[in-house]
Amino acid sequence: MNTFLKSEIKFLKGVGQVRADILNKELGIFTFEDILGYYPFRYVDRSKYTKVSEINTESQHIQLKGRIVHFQEIPLKRGSRLVATFYDGSGELELVWFKGVKWIKANIKINDEIVIFGKPTLFKGRFNMSHPEMETFAARKNAASLEAVYSTTEQMRNRRFESKAMRQIIGNLIHHEKFDVPEIFDSKFVEEHQLISRKKAFQLIHQPSTDKDIQLAQHRIKFEELFFLQFPFLKQKLNRIEAKEGIEFKTKSPLFEDFAQNHLPFELTNAQQRVLSEIKTDLVSGKQMNRLLQGDVGSGKTIVAFLSVLMAVDNGYQASIMAPTEILATQHFIGLKELAHEIGIHIALLTGSTTAKDRKEIHRLLRLGEIHLLIGTHALIEEIVQFSNLGLVIIDEQHRFGVAQRAKLQEKGHQPPHVLVMTATPIPRTLAMSVYGDLDYSVIDELPAGRKPIKTVHRFGFARPKVWEFIKSELAKGRQAYIVYPLIEESDKLHYKDLYNGYDELLQFFPRPEYQVDMLHGKMKPADKEAVMQRFKKGICHIIVSTTVIEVGINVPNASIMVIESSEKFGLSQLHQLRGRVGRGAEQSFCILMSSKALSENARTRLKAMVSTNSGFELSEIDMQLRGFGDIAGTRQSGLDQLQLASLNADGTIAQSARNAIVKLLDEDPDLLNHHALRNYISTKQGFKEWSTVA
Ligand code: ADP
Ligand code: MG
């Protein structure tokens, strides 16, 4: 960037010290460049006027032309309220102001021809508009027909620093004689990808004349955003492939073959087989595997992991499975122990609650190479040095395992272990490629045969007795149930009240000894948690009342009912994870979402979505429409929150073409030695320090 764009914002015409302070504080805008990158959130066609008679409940921001025929000022305790009657020949609309009353009275006269702009709201059966933008028709005459609308904060509006002022200031910048935005791509590249110039894009995004202008400008800016989002990942991937040799496994794998033919408790789905062959291809390639495996809850990732472990053992290597929580690690251990014994491989569990004595013994056996498969929590990453010859690391539930931790694995030794990361939080492919862009990608997009889709319903609190009766009838058939209470923070004492109250209430409905109801939460000692899980697994306990500690990974096929209390407090992906604890057996399973009657629009949409589909992929699309990407776990450190215009949901095609462009570019010129402008831009771009470590 040139020095002009680096100038302090207060020096821009129309800003000054007071507004500069507001821009700093409210929008984080400090320089000319910053404000240039503050894009409009939409555009209005100022050549169109709506009639008062056309206003309806669907009306968004609209523009009307007419006159004020009546003003009434109503004194309030502090200041006053100004109410005006606006008339445009088709009908009357009430306008209301609580602020800036003086200015309006001084500048707008009865019967002036004026243009107003704002969003009508329905109040007591009549439409009104509060705080519309307003100007005389005469003043509007020379204005552009397409106008950018900028979002402003309440603090800004209170000081009459609104969209219009932003538009003027940015206009002053764009029309400044020194205004220039240097190109960062070379001309061949720009042409090849049908981009408009960088300078043009910034001009048109703020001051378009036509819809086509908006589209061209947005395309260029989105392309750039998606280019720089994916660049570091792809660069890192390239470096990894070039720098690190991987452990080369042999194609023949006797243990694997034996297990697959003689010990598999079921037939693999096509998707499982395909993924296994993708993994195998990596393992025998001589390059280090770095693969992301996505599969909806219950799609059968564990067995894929276990079969991959067998390939490592077949080649004389050790393997490790890491889970985010102790309870999950323990579950994996219990689930795989028998399979491991059957085939004669030595498996061990190492968690925070392993005693010092056992830990020592495990370390000893690990160093001797006598433990084939070690299961544990993420803390294992620290223990990895203890292995004799670690060949494969499997990380379950990727979204809690950060990029930094992944990088740590890369540093282990000249021949780093193969890495398979598994996640049950389905995210659309385009997102996955960007967030985990340094990984290859596999997906299990099919559930094992014979699963009955889970029936999901939504019930309000007053229906609870009926719900309990229903659970009784299912328990009578020999099934088991989970009842989950939201605990946002496991450390939050107050919230435990709901859990304890719920537990007490349940004990009355399901009295001992006929019914066995256990409580499970994160603050319990690991041994106690484990005891509860065992009682449940063995069918001794009928109902587990718990916090979200059971969110991930628990596998009890006989459990067929999941009741989620205060379900409106959960996010979609969490609801889906919880629901995934049932529907694992052959019996019909149920998920009952309890909520209060007062639901926000957003909560209503979430619950509706849960009732309407069992597909994690569909839900994650809906989730992203509701929340955007920023909030989705694991996306923050990936730079996704830097996306301003682009959306991976809607702009998958642009994301893909940016990706292709990067691959081609890095292939021809890995260190960008012939692309000076781009290289400079990348290395100086704020928050983009990766280049220095990557290149
Ligand atoms: P997740 O992908 O959520 O980790 P799991 O690996 O826990 O799923 O598998 C869920 C359940 O499905 C387990 O009980 C597992 O034994 C079973 N399962 C896995 N693959 C198959 C298959 N191909 N056929 C039948 N059942 C399967
Ligand atoms: Mg799992």
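Our subject is the structure that appears above.
If you're wondering where the values come from, they're calculated on a predicted model, not measured in any experiment.

Comments concerning the environment of Thr 210
For Thr 210, the position within the fold is in the loop between α8 (198–206) and α9 (211–243). The spacing of Thr 210 and Leu 146 is 64 residues in sequence and 7.0 Å in space, taken between C-alpha atoms.

Quick word on the site of ligand 1
Around ligand 1 sit 16 residues, and of these Glu 267, Gly 298, Lys 301, Thr 302 and Arg 451 come closest. A distance of 2.6 Å is found between an oxygen atom of ligand 1 and a backbone nitrogen or oxygen belonging to Gly 298. Between Ser 299 and ligand 1, the recorded distance is 3.4 Å, taken from a backbone N or O atom to an oxygen atom. A class-by-class count of the residues in the shell around ligand 1 yields four nonpolar, seven polar and five charged.

What about the side chain of Thr 613?
Considering the arrangement of structural elements, one finds Thr 613 in the loop between α22 (601–612) and α23 (616–627). Using a relative accessible area of 9% as the deciding quantity, one classes Thr 613 as buried. Within the local environment of Thr 613, its side chain forms a polar contact with the backbone nitrogen of Ser 615, the two atoms lying 3.0 Å apart. In terms of polar contacts, Thr 613 uses its side chain to reach the side chain of Glu 618, at 3.3 Å. Discounting chain neighbours no more than four positions away, the residues touching Thr 613 are Arg 579, Glu 618 and Leu 619.

Focus on the packing of aromatic side chains
Per the stated rule, a full pass over the model turns up 21 aromatic pairs. Residues Phe 185 and Phe 223 carry aromatic rings whose centres are separated by 6.3 Å and whose planes lie at 85 degrees to one another, so their mutual orientation is edge-to-face. Of this pair, Phe 185 sits in the loop between α6 (163–174) and α7 (187–192) while Phe 223 is found in helix α9, placing the two residues 38 residues apart along the sequence. Of the two residues examined, Phe 185 and Phe 223, each falls in the buried class. On the basis of an interplanar angle of 45 degrees and a centroid distance of 5.0 Å, the ring pair of Tyr 482 and Phe 536 is categorised as tilted. Remark: Phe 536 occurs in helix α20 (residues 526–537) and Tyr 482 occurs in strand β18 (residues 480–484); sequence separation between them is 54 residues. An aromatic cluster is built from Phe 185, Phe 189, Phe 223, Phe 227, Phe 228, Phe 231 and Tyr 681, whose rings are joined through pairwise contacts. Over the ring of Trp 103 we find Arg 160, and its NZ or CZ is 4.3 Å from the ring centre. Positioned above the aromatic ring of Phe 460 is the side chain of Lys 597, whose terminal nitrogen or guanidinium carbon lies 4.9 Å from the ring centre.

About the thresholds
- Residues numbered from 1 in each chain as written.
- Chains lettered and ligands numbered in written order.
- Predicted model: local features only at pLDDT ≥ 70, side-chain atom pairs only at ≥ 80, totals over all residues.
- Heavy atoms only, no water.
- Helix = DSSP H or I, 4+ residues; strand = E, 2+ residues; numbered from the N terminus.
- Near = heavy atom within 4 Å.
- Polar contact = N/O pair within 3.5 Å; in protein donor to acceptor, adjacent residues only side chain to side chain.
- Nonpolar A, V, L, I, M, F, W, Y, C, P; charged D, E, K, R; others polar.
- Buried < 20%, exposed > 50% of the residue type's maximum accessible area, 1.4 Å probe, protein only.
- Contact = heavy atoms within 4.5 Å.
- Phe/Tyr/Trp six-rings, centres within 6.5 Å; stacked < 30°, edge-to-face > 60°.
- Lys NZ or Arg CZ within 6 Å of the ring centre and 35° of its normal.

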